[in-house]
Amino acid sequence: MANRGTPLGLLLWQKIRSFNIRSIMGVPGDMNLELLDYIDEVKDLNWVGNANELNAAYAADGYCRASGSPGVVVTTMGVGELSALNGIAGAYTEQVKVIHIVGTTPMAAHEKRLMIHHCLGPSPDHKVYEKISQHVRAAHCWLDNPATAAKEIDRVVHECYAQSLPVYIFVPTDMVHRRVPAQPPSQIELAPLTDEFSKDSAISATLSLLYQARSPIVIVDALTARHLGRDVARRLVEVLQFPTFSTSMGKSIIDETKPYFSGIYNGRVSIPGVCEVVEQQSDLVLDLGPLLADSNTGGHTRSIAEHKLIAVHPHHVSIAGVVYRNIGLVSFLSALLETIELHRLPRVAAPGRIPLPRPKDADSELITQSWIWTRFGDFCRPGDILIAESGTAQFGLPDANLPEDVTYLTQVYYGSIGYSVPACLGAAVALRDRDRQGRVILVVGDGSLQLTVQEIGTMVKLGFQNIIIVVINNNGYTIERAIHGPEQAYNDISVWNHSAMLEFFGAENGRACTRAVRTKKEFDEVVSLPEYQRPTSIQVLEVFMEKMDLPWRLASQIEIINARNAQAQKT
């Protein structure tokens, strides 16, 4: 009997699995159900299932950040597709690899413009939603031709990796079972193309500046990790031994226990003394993977002279203002590492981590913003994943001194409230898929939690035992109160009984696994318990804090922005 080929739906999942992806996020809908059936036919590929499509997109984002492989989310067209769009936009903004697979109406319905549910208005355009997502994706394809389906999948996945951006794959329901011609397995190039001549020129210019420098430093930022450069960056800074700084978004890419690690640089929102080392005392700055968003640069207060800056971007290198194009970040760092002559490098004494000034409320018995974030650094241990929600946690946790091999995740640039809870699920799934040990520690505010709390039910459903959820209860949207309207009703939230949360979502002994603390002593006692050191079930810790207690970084950034706005109004 002649080989009739492979059903298109099965081929898609086989290819997805070949990229070291083992879990699929999403929500079932009538236009993707038969496509989902084929997941069960692919070894070691699993359906997760989420409470809603927005959560599924956030979870896919977290999966990628924790694993390096693209997160995959499946929705039905229209209602599901649009619900996921905000999560996809966040992944696009922060350059996270996500593959969004959309089950759509049949091709015949497209041609006849039939009024089918999930479509828009009379005589609907069945591809209108594809047009809506064009601004938050690197590439897309329609699997509407069996002869080209395999190549189209490879093409968009290449763009997903090469650009580290979301892509879309649209699958009409009448194409799912269509046979795709048999073909030999293909290996697609995942890395971005690099112009070797341009790279060699940039390497030569970089080495010349490195060898001449007397007080060089390194800054490691988020796009280093997004473009799979974490390992090579770690090897490079180990060779250079220059004072090395991270940004808030780049935290944990470099091992913070190393003697050359010198802290967090965020422009003027840095520990006193850091700006002086970076901006004034250094004569050369090697800036890896910069992402120059406001919250990652102290409200755009970085001040590094262009003539001493080597900025290694994902697809180009800028050296003292001269741009060398079409150079992949990993390709450049690998070549630099291979060509450095160690005996020609300057020897620079690292300043070490500049300590925080003693806070005014240091003697308080209550839990304060000035105390808790460094305490999280002590609580973490190698192998853990630490996730911070947009809000006070995001501005506080940069002060934590993290052990080696801790992964820190937060959405600083896009800053979508509610991101962290589903991202925690995605990170936990990624950890399990990689057969890695470690705890997943989520720090989320009481307000943020209310947006996406449903995904805790998914954590319970999947039987996770290594998740610790810390709820910062400061009575509403503290970060918004700090910006504007400290007593306005719009910054208030409904009061939840967090002690009943796990039980509501079906966890056994949910109340027994939930604790509340108000003092530093109580916090220390709880996190020292075996249930927190070696958890065997999901734990919830509610931490009560004053609603207008702010991390110093948040207060500093708001002060800078307010002063800038006041000056603009005068002008």
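Just so you know, these numbers come straight off a predicted model, no measurement behind them.

Thresholds, definitions, all that
- Residues numbered from 1 in each chain as written.
- Predicted model: local features only at pLDDT ≥ 70, side-chain atom pairs only at ≥ 80, totals over all residues.
- Heavy atoms only, no water.
- Disulfide = S-S within 2.5 Å.
- Patch = residues over 30% accessible without salt bridge, like charges linked within 9 Å, V, L, I, M, F, W, Y side chains within 5 Å.
- Areas by Shrake-Rupley, 256 points an atom, 1.4 Å probe, with all protein chains shown as cover.
- Salt bridge = Lys/Arg side-chain N within 4 Å of Asp/Glu carboxyl O.
- Lys, Arg positive; Asp, Glu negative; His and termini not counted.
- Charge placed at Lys NZ, Arg CZ, Asp CG, Glu CD.
- Buried < 20%, exposed > 50% of the residue type's maximum accessible area, 1.4 Å probe, protein only.
- Axes fitted to C-alpha atoms, helices over the stretch in contact; angles between N-to-C directions.
- Helix = DSSP H or I, 4+ residues; strand = E, 2+ residues; numbered from the N terminus.
- Parallel < 35°, antiparallel > 145°, perpendicular 65-115°, else oblique.
- Left-handed = near helix turned anticlockwise from the far one by under 90°.
- Contact = heavy atoms within 4.5 Å.
- Nonpolar A, V, L, I, M, F, W, Y, C, P; charged D, E, K, R; others polar.
- 1 Å grid on protein atoms, 1.4 Å probe; cavity = no way out; pocket = protein on both sides within 12 Å on 5 of 7 lines; lining within 4 Å.
- Points joined across faces, edges and corners; volume = space filled by probe spheres on them.
- Expected span 1.5 Å × (residues − 1).
- Arc of directions from axis to C-beta.
- Pairing = 2+ DSSP bridges.

Peer 1: Looking at this structure, I do not really get the state of the cysteines. What am I missing?
Peer 2: In protein structure, a disulfide is the covalent linkage between the sulfur atoms of two cysteines. One pass over the structure, following the stated rule, counts 0 disulfides. Sulfur of Cys160: no disulfide; nearest cysteine sulfur belongs to Cys64 and is 7.1 Å away. For the unlinked cysteine Cys380, the closest cysteine sulfur is that of Cys424, found at 13 Å.

Peer 1: Would you mind showing me how to read a negative patch on the surface here?
Peer 2: On the surface, a cluster of negative charge is made up of Glu34, Asp37, Asp40 and Glu41. The class of Glu41 is exposed, set by a relative accessible area of 54%.

Peer 1: Quick question: what am I supposed to make of the packing of helix H3 (residues 53-67) against helix H16 (residues 420-433) here?
Peer 2: With their axes 6 Å apart at the nearest point, H3 and H16 run at an angle of 45° to one another. Between H3 and H16, the angle falls in the class oblique. The two elements H3 and H16 cross, and the hand of that crossing is right-handed. On the side of H3, the interface is formed by Asn55, Tyr58, Ala59, Gly62, Tyr63, Ala66 and Ser67, while H16 contributes Pro422, Ala423, Leu425, Gly426, Ala427, Val429, Ala430 and Asp433. Partitioned by chemical class, the residues of the contact of H3 with H16 number 10 nonpolar, 4 polar and 1 charged.

Peer 1: What's the story with empty space enclosed by the protein in this structure? I'm lost.
Peer 2: The rolling of a water-molecule-sized probe over the atoms marks out the regions of remaining empty space. Scanning the model with the defined rule gives 3 cavities of 30 Å³ or more in all. There is about 70 Å³ of room inside the largest cavity. Ser248, Asn266, Val269, Ser295, Gln394, Phe395, Pro398, Val412, Arg553 and Gln557 together form the lining of the largest cavity. Looking at the lining of the largest cavity, the elements with two or more residues in it are helix H15 (392-396) and helix H23 (552-570).

Peer 1: Please explain H23 as it appears in this structure.
Peer 2: One turn of the α-helix equals 3.6 residues, which is why residues spaced by three or four share an orientation. Here H23 is 19 residues long and its end C-alpha atoms lie 27 Å apart, about the 27 Å a rise of 1.5 Å per residue gives. What H23 keeps buried is the set Arg553, Leu554, Gln557, Ile558 and Ile560. Angularly, the buried residues of H23 cover 160° about the axis, an arc narrow enough to put them on a single face. For H23, the exposed residues set more than 90 degrees away from the buried face come down to Glu559, Gln569 and Lys570. Where H23 is buried, its residues contact strand E11 (261-264), H15 and helix H19 (478-483).

Peer 1: Can you help me understand the sheet that holds strand E2 (residues 23-26) in this one?
Peer 2: Through backbone hydrogen bonds, the strands of a sheet pair up, either in parallel or in antiparallel fashion. Spatially, the 6 strands line up as an open sheet ordered E3-E2-E4-E5-E7-E6, and their pairing is parallel. Edge positions in the sheet fall to strand E3 (46-47) and strand E6 (139-142), since each of these pairs with one other strand and no more. Here strand E4 (residues 71-76) runs beside strand E5 (residues 98-104); their pairing, made up of 6 bridges, is parallel. Its bridge partner lying in E5, Gly71 is registered against Val98. Strands in contact with helix H1 (residues 8-18) are E2, E4, E5 and strand E7 (167-172); relative to E5, the strand with the most contacts, it is inclined by about 170°. On the sheet, H3 packs against E2, E4 and E5 and is oriented at approximately 165° with respect to E4.

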